[in-house]
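For reference, the chains in residue letters:
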Amino acid sequence: MHNFEFHNPVKVLFGKKQIENIKHLIPQNKNILLTYGVNSIKTNGMYQRVTNNLPQVNNLIEFGGIGANPEYNILLEAVSLSKLEKVDFILAIGGGSVIDGTKFISASVNFPISDKWQILKGQSSKISNPVKFGVIQTLPATGSEMNEYAVISRNETHEKLAFGHKELFPKFAILEPEITYSLPNRQLINGIIDPFIHVTEQYLTTNINTPLQDGYSETIMRTLINLAPKLFSKKNDYEVRANWMWCANNALNNYIGLGVDEDWATHAIGHELTALYGLDHAQTLAIIAPQLWRYKKDQKRQKLIQFARNIWNINDKNCNTAIEKAIFCTEQFFNNIGMKTKLSDYNIQADATTIANNVIRNSKTGAIGEHNNIMFDDIVNIINMSN
Ligand code: NZQ
Ligand code: ZN
């Protein structure tokens, strides 16, 4: 097992009626900024519940309209507003996009460089004294409510970049499974695929004898596979929603990645597909991951065989057959819940050269993957396999 340092300070409040606790979690008599998305919290009752449970505040400021794939120029407006109103604390209510956008706002207010895009361009270590924030997660998918990462998009340059900082863990995360009842099918599908691939990015890598992390990862994947159909057939099943929400959280709250090799190549390529073609984040992952596993099947051999055996009950003696069957089962699982797995399913003829150039440009080392050996030509090949 590799060395690791672990610290996750997020206070999690999980279950029913947790919103009532925000009056104790948000500082009193301060300037509070509420951040949220386009309209879901106004139609599903969450906005009303939050505003009914706030503590006494000095000034309540709102910034709505943070859409999917949070846009840099919109977030800059919130940064200006936060400075103008001298915001002391931010409460984010939404999915990964609102939470990530809030992390960016929090980091930008006191960021010492006037060009805030530098946060995404390798200068995130200069973040200091971010504005404190708490989150109410309304869409189980990203794990952003319990990690220190954010992904921000910039439409004018077709960029979608990630950053992280140890001071950007939320102060608290509220997870009420009942808020997921209002999610449309498209987000239920996304919310299964994204955590599933978060697990594979940390699990389908090298075999370095980490049975605890492997078993934890396998349990998350099996739970997602088992509960996925019930999300659609039993729309208001509390137990199903609760297990889903906690799985999505644990897929990227840093536990399963401790001491193991991590890949993240599917995410790196996927972000470029969103930036260029507007696909949802999870849609890009479902397209790229299976082809990337096929392309890297020799390097990932031991873990793919373990994946075949422990996730899909495939025990073929011929390892290549077992691996191909496991990848095929995963694609079928995705397809069966309504997720497409090819670029052509979206009528996209991908520009593999541009995508590969962008991935390499945005990587720190000129390559990606757990062995840092997926390079320009490999990315072109993986994209071509995904057509
Ligand atoms: O904007 P509103 O009206 O609120 O609607 C949202 C949005 O249209 C809707 N929604 C959210 N909660 C709802 C709801 N609709 C009904 N009922 C509810 N309870 O869902 C739509 C999608 O929301 P979004 O936040 O964009 O989805 P998601 O949580 O999947 O976040 C995706 C973003 O997170 C990034 C992605 O790249 C993408 O930008 N990621 C962040 C990560 C992180 N911070 O750790 C890791 C991930 O790998 C990912 O990259
Ligand atoms: Zn993801």
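Keep in mind the model is a prediction, meaning the values are calculated, not measured.

1. A look at the overall build of the protein chain
Within the protein chain one finds 14 helices and 8 strands. Here the C-alpha atoms of the protein chain give a radius of gyration of 20 Å, agreeing with the 21 Å that 2.2 N^0.38 yields for 387 residues. Taken over the C-alpha atoms alone, the protein chain extends approximately 65 × 45 × 45 Å along its principal axes. Counting over 387 residues, the protein chain shows a buried share of 56%. Roughly 15900 Å² of accessible area belongs to the protein chain as shown, and the carbon and sulfur atoms make up 47% of that amount. Across the protein chain, the mean location of the 37 positive side-chain charges is 4 Å away from that of the 36 negative side-chain charges.

2. Re a nonpolar patch on the surface
A cluster of nonpolar side chains, Met1, Phe4, Phe6 and Tyr255, forms an exposed patch at the surface whose accessible area comes to about 410 Å². Looking at phenylalanine 6, the relative accessible area reads 32%, which means it is partly exposed.

3. A few points about the domain arrangement of the protein chain
Segmentation of the protein chain into domains returns domain 1 (11-178) and domain 2 (185-386). Here the C-alpha centre of domain 2 lies 27 Å away from the C-alpha centre of domain 1. Listed by partner, the interface residues are 27 residues for domain 1 and 23 residues for domain 2. For the pair domain 1 and domain 2, the summed buried surface comes to about 2200 Å²; carbon and sulfur atoms form 64% of the total. Between domain 1 and domain 2 we count 0 salt bridges in total. Taken together, the elements giving at least two residues each to the side of domain 1 that touches domain 2 come down to strand S1 (11-14), strand S6 (149-154) and strand S7 (159-164). The element best represented in the side of domain 1 that touches domain 2 is S7, accounting for 3 residues. Taken together, the residues that form the side of domain 1 that touches domain 2 break down as 12 nonpolar, 7 polar and 8 charged.

4. Description of the sheet that holds strand S5 (residues 132-137)
Overall, parallel pairing links the 6 strands, which are arranged S1-S8-S5-S4-S2-S3 in an open sheet. Bordering the open sheet on either side are S1 and strand S3 (59-63), each of which pairs with just one other strand. For this sheet, the mean inter-axis angle between neighbouring strands, taken without regard to orientation, is 15°. The sheet contacts of helix H8 (residues 238-251) involve S1, S5 and strand S8 (172-175), and relative to S1 the element is tilted by about 165°.

5. Regarding the nonpolar core
Within soluble globular proteins, side chains that are nonpolar generally end up buried alongside one another. Grouped together as the largest cluster of nonpolar side chains are 63 residues, with contacts concentrated most on Ile269 and Phe307. Sequence-distant contacts of isoleucine 269, defined by excluding residues within four places in its chain, comprise Ile288, Leu292, Ile355, Val359, Ile368, Ile379, Ile382 and Ile383. One finds Tyr72, Ala78, Phe89 and Phe104 within the second-largest nonpolar core, a separate group that totals 55 residues.

6. A word on the site of ligand 1
Not every one of the 33 residues close to ligand 1 is listed here, only the nearest: Ser40, Gly96, Ser97, Lys160 and Ser182. A distance of 3.2 Å separates an oxygen atom of ligand 1 from a polar side-chain atom of asparagine 69. At 3.0 Å from an oxygen atom of ligand 1 is found a side-chain nitrogen or oxygen belonging to histidine 281. Only helix H5 (96-109), S6, helix H6 (185-203) and helix H9 (265-277) provide two or more residues apiece to the shell around ligand 1. Residues that form the shell around ligand 1 fall into these classes: 12 nonpolar, 18 polar and 3 charged.

7. Overview of the coordination of the zinc ion (ligand 2)
Coordination of the zinc ion (ligand 2) by the protein comes from Asp194 (OD), His198 (NE2), His267 (NE2) and His281 (NE2), over a distance range of 2.0 to 2.1 Å. Look at where the donors of the zinc ion (ligand 2) fall in the sequence and you get D-x3-H-x68-H-x13-H. Residue histidine 198 is located in helix H6, and its partner histidine 281 is located in helix H10 (residues 281-295); the two are separated by 83 residues in the primary sequence.

8. Quick look at the environment of lysine 340
With respect to the element layout, lysine 340 can be found in the loop between helix H12 (319-336) and helix H13 (352-362). We classify lysine 340 as partly exposed; its relative accessible area is 39%. The sequence separation of lysine 340 and threonine 157 amounts to 183 residues, and the corresponding C-alpha distance is 27 Å. Ignoring any residue separated from it by four or fewer positions in sequence, one finds lysine 340 in contact with Ala286, Ile287, Asn335, Asp345 and Tyr346.

9. Focus: the environment of threonine 274
On the secondary structure map, threonine 274 appears in helix H9. With a relative accessible area of 6%, threonine 274 lands in the buried category. Remark: the alpha-carbon pair of threonine 274 and asparagine 69, spanning 205 residues in sequence, is separated by 8.5 Å. When residues no more than four places from it in sequence are discounted, the contact partners of threonine 274 are Asn69, Lys160, Leu279, Asp280, His281 and Thr284. In this structure the side chain of threonine 274 is engaged in a polar contact, spanning 3.0 Å, whose partner is the backbone oxygen of leucine 279.

10. Examining the pattern of salt bridges
In total, this model carries 11 salt bridges according to the counting rule given. A salt bridge links arginine 154 to glutamate 156; the nearest nitrogen and oxygen atoms lie 2.7 Å apart. Note on arginine 154: relative accessible area 18%, which makes it buried. As a salt-bridge pair, arginine 294 and glutamate 331 come within 2.9 Å of each other at their nearest N and O atoms. Separated by 37 residues along the polypeptide, arginine 294 in helix H10 and glutamate 331 in helix H12 bring together distant segments of the chain. By relative accessible area, glutamate 331 is classed as buried at 10%. Residues participating in the shared-partner salt-bridge network are Asp263, Lys300 and Glu370.

Here is what the cut-offs are and how they apply
- Residues numbered from 1 in each chain as written.
- Chains lettered and ligands numbered in written order.
- Predicted model: local features only at pLDDT ≥ 70, side-chain atom pairs only at ≥ 80, totals over all residues.
- Heavy atoms only, no water.
- Helix = DSSP H or I, 4+ residues; strand = E, 2+ residues; numbered from the N terminus.
- Rg over C-alpha atoms; globule rule 2.2 N^0.38 Å.
- Buried < 20%, exposed > 50% of the residue type's maximum accessible area, 1.4 Å probe, protein only.
- Areas by Shrake-Rupley, 256 points an atom, 1.4 Å probe, with all protein chains shown as cover.
- Lys, Arg positive; Asp, Glu negative; His and termini not counted.
- Charge placed at Lys NZ, Arg CZ, Asp CG, Glu CD.
- Patch = residues over 30% accessible without salt bridge, like charges linked within 9 Å, V, L, I, M, F, W, Y side chains within 5 Å.
- Salt bridge = Lys/Arg side-chain N within 4 Å of Asp/Glu carboxyl O.
- Domains from an automatic or database assignment.
- Contact = heavy atoms within 4.5 Å.
- Buried area = accessible area lost by both parts, 1.4 Å probe.
- Nonpolar A, V, L, I, M, F, W, Y, C, P; charged D, E, K, R; others polar.
- Pairing = 2+ DSSP bridges.
- Axes fitted to C-alpha atoms, helices over the stretch in contact; angles between N-to-C directions.
- Core = buried A, V, L, I, M, F, W, Y, C linked by side-chain atoms within 4.5 Å.
- Near = heavy atom within 4 Å.
- Polar contact = N/O pair within 3.5 Å; in protein donor to acceptor, adjacent residues only side chain to side chain.
- Donors = N, O, S within 2.8 Å, 3.2 Å for Na, K, Ca; no water.

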